Amino acid sequence: MNEQLLNDEDVTLFGLFVEAYACIKPLVNRDMGIPDTWFEVLLRLGRTPGHRMRMTDLADAVSFSSGGFTRLADRIEREGLIRREPDPRDRRAALAVLTEQGGEALDKALTAHVSHLRSHVTSVLSAEDRSHFARILRTLRDANQ
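Only a predicted model underlies this, so the values are computations on that prediction, with no experimental measurement involved.

Draft legend 1. Seen up close, a nonpolar patch on the surface. Residues Phe 14, Phe 17, Val 18, Phe 133, Ile 136, Leu 137 and Leu 140 make up a contiguous nonpolar surface patch of about 630 Å² in total accessible area. Contributions of two or more residues to the nonpolar patch are made by α2 (9-28) and α7 (127-143). Top contributing element to the nonpolar patch by residue count: α7, with 4 residues.

Draft legend 2. A look at the sheet that holds strand β3 (residues 90-98). Taken in spatial order, the 3 strands of this open sheet run β1-β3-β2, and their pairing is antiparallel. Two strands bound the open sheet, and with one partner strand each, they are β1 (52-54) and β2 (82-87). On average, each strand axis in the sheet is tilted by 30° relative to the strand beside it, whichever way the strands run. Pairing of β1 with β3, which is carried by 3 bridges, proceeds in the antiparallel orientation. Of the residues in β3, the one forming a bridge with Met 53 is Ala 96. Against the sheet, helix α3 (residues 36-46) engages β1, β2 and β3, with an angle of about 100° to β3.

Draft legend 3. Region of interest: unusual backbone geometry. Phi angles above zero are rare outside glycine, and Asp 31 is one such case at about 60°. A relative accessible area of 57% places Asp 31 in the exposed class. A positive phi angle, near 55°, is found at His 51, a position not held by glycine. Its location among the elements puts His 51 in the loop between α3 and β1. Under the relative-accessibility criterion, His 51 is labelled partly exposed at 37%.

Reading the values: rules and limits
Residue numbers restart at each chain and count upward from 1, following the sequence in its written direction. A pLDDT threshold of at least 70 governs which residues receive local features in this predicted model, and a stricter bar of 80 or more applies before side-chain atom pairs are shown or counted, although totals over entire chains, interfaces and linings include all residues. Side-chain descriptors were evaluated using all non-hydrogen atoms of the structure, hydrogens and water having been removed beforehand. In this scheme, patches are assembled from residues that exceed 30% relative accessible area and form no salt bridge. Like charges are connected within 9 Å, while nonpolar side chains (Val, Leu, Ile, Met, Phe, Trp, Tyr) are connected within 5 Å. Note that accessible areas follow from Shrake-Rupley with a 1.4 Å probe, and for residues the cover is restricted to the protein chains shown. The salt bridge criterion pairs a side-chain nitrogen of Lys or Arg with a carboxyl oxygen of Asp or Glu, the two atoms within 4 Å. Helix and strand labels come from DSSP, where a helix needs a run of H or I of at least four residues and a strand needs a run of E of at least two; each type is numbered from the N terminus. One bridge is not enough; two strands pair if DSSP finds at least two bridges between them. Simply put, an axis is a line fit to the C-alpha atoms, just over the touching stretch for a helix, and the angle between two N-to-C directions goes from 0 to 180 degrees. By definition, residues are in contact when any of their heavy atoms lie within 4.5 Å. Three exposure classes are used, based on accessible area relative to the maximum for each residue type with a 1.4 Å probe and protein chains only: buried under 20%, partly exposed in between, and exposed over 50%.

Printed below as a string of structure tokens:
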């Protein structure tokens, strides 16, 4: 085995990132009343003007394949949290729309999520650390889109 690569600083840095995320994710997604995958969908819709997105764009935003996202959207729609509408600009496409019930579920989930974020993430970082962390994450995201 290549000891130099095993102990490479970049491998360690990425490993720490993955480990931290794995530890934090279940803590900040507790008590939301909905599965975390549903939360991501509702959050994206809630943060989008008009609370609607093309299904394909929403699938990309939450990192799902089209088929996997269709099944996920089916379950969320059955619970009345989203509805589908034809896209008036492209009759081949559909829009996912946040319903009033979906907005209420999102509010409940966000209340728990924000509380846990503050307990497990932001409270352990200084204001300067949070600023640097946000800058670093945006840099990584933007460089790899």
